[in-house]
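Working through the structure, step by step
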Amino acid sequence: VKILKEKGIAFFVIGNGSNIVLNDKYYDGVVIKLDKLCGIQIHKDMNMVYAEAGVMLPVLVNETVNNELTGLEFAGGIPGTVGGSVYGNAGAYNACILDYVSSVTVLDEEYNIKVIPHEEIKYGYRSSNFKEEKKYIILAVKFFLKEGDKESSLEVLEKRKEKRVETQPLEYPSAGSVFRNPDGDFAGRLIESCNLKGYSIGGAEVSSKHANFIINKDNASSKDIYDLIMYVHDAVLEKTKVDLIIE
């Protein structure tokens, strides 16, 4: 990072890239993918887990469940990394990952490694100060969990997996849910109320299985996906007066 900055070379950091649509245009810079930071330490006696930023969430969840620690089961189906998930405060089933974070180890703008405790982290629904300020690169995360029962946790994971298969278009590439759910409502319901299921631009399509998913149905470009997101946003705003926020 220091060398890139000194030489004026553009760069950005990603986790797994599962919630990103890259621009079609040429990018003259560096993408730093943190998947080699993949260590996990389990401290059962303290109900604590230390995971580096590149650990995939399903891997982390399996490790915690196998060690009879509970709390992260909601994240079992999120195809992102620990770092990316904390950055965007990923969540599901009315839970979010930063509720379970004890501290975050980061690289700051002066190339110092710092540990930021939970009480100094500002976060909300699908947002965090890491995402808003972009001052830090997340390196590792410490989680506080509770003692659990392996069989009960596995049962929860299996039921949620079945629900995902039934309700989400996992057979096509997508970046997951497109819009945040507005207070007291669901983005998918609003999109469906505008009769947009199945609507397509180029190779991108609003999933007929779940309206808040835009799938790559047929070799879609990122412009197809972007244009469809904007079209859906404007159509929902015009009909329902709800200004959907992109997740």
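The structure reproduced in this document is the subject of the present report. (Residues numbered from 1 in each chain as written. Predicted model: local features only at pLDDT ≥ 70, side-chain atom pairs only at ≥ 80, totals over all residues. Heavy atoms only, no water.)

So, about the packing of helix α2 (residues 57–66) against helix α5 (residues 150–167). Put simply, α2 and α5 touch, their axes get as near as 9 Å, and they point 150 degrees apart. What the angle tells us is that α2 and α5 run roughly antiparallel. Contact with α2, carried on its side by V61, N62, V65 and N66, involves K150, S153, L154 and L157 of α5 and no other residues of that element. Here the contact of α2 with α5 is built from residues that sort into four nonpolar, three polar and one charged. (Axes fitted to C-alpha atoms, helices over the stretch in contact; angles between N-to-C directions. Helix = DSSP H or I, 4+ residues; strand = E, 2+ residues; numbered from the N terminus. Parallel < 35°, antiparallel > 145°, perpendicular 65-115°, else oblique. Contact = heavy atoms within 4.5 Å. Nonpolar A, V, L, I, M, F, W, Y, C, P; charged D, E, K, R; others polar.)

Turning our eyes to something else, we now look at the nonpolar core. Within the largest apolar cluster, 34 residues are counted, with the highest numbers of intra-cluster contacts made by L60, V86, V104, F130 and F143. The contact partners of V104, leaving out residues within four places of it in the chain, are V86, K114, V115, I116, I121, F130, I138, A140 and V141. Membership of the second largest hydrophobic core comes to 18 residues, among which are A187, I191, L196 and A211. (Core = buried A, V, L, I, M, F, W, Y, C linked by side-chain atoms within 4.5 Å. Buried < 20%, exposed > 50% of the residue type's maximum accessible area, 1.4 Å probe, protein only.)

With antiparallel pairing, four strands are arranged side by side in an open sheet as β14-β17-β16-β15. Whereas interior strands pair on both sides, the edge strands pair on one side only; in this sheet they are β14 (174–177) and β15 (200–201). Bridge count between β14 and strand β17 (residues 213–216): two bridges; the pairing is antiparallel. By the bridge assignment, S177 is partnered in β17 with F213. The strands touched by helix α7 (residues 222–240) within the sheet are β15, β16 (204–206) and β17, with β16 carrying the most contacts at an inclination of about 30 degrees. (Pairing = 2+ DSSP bridges.)

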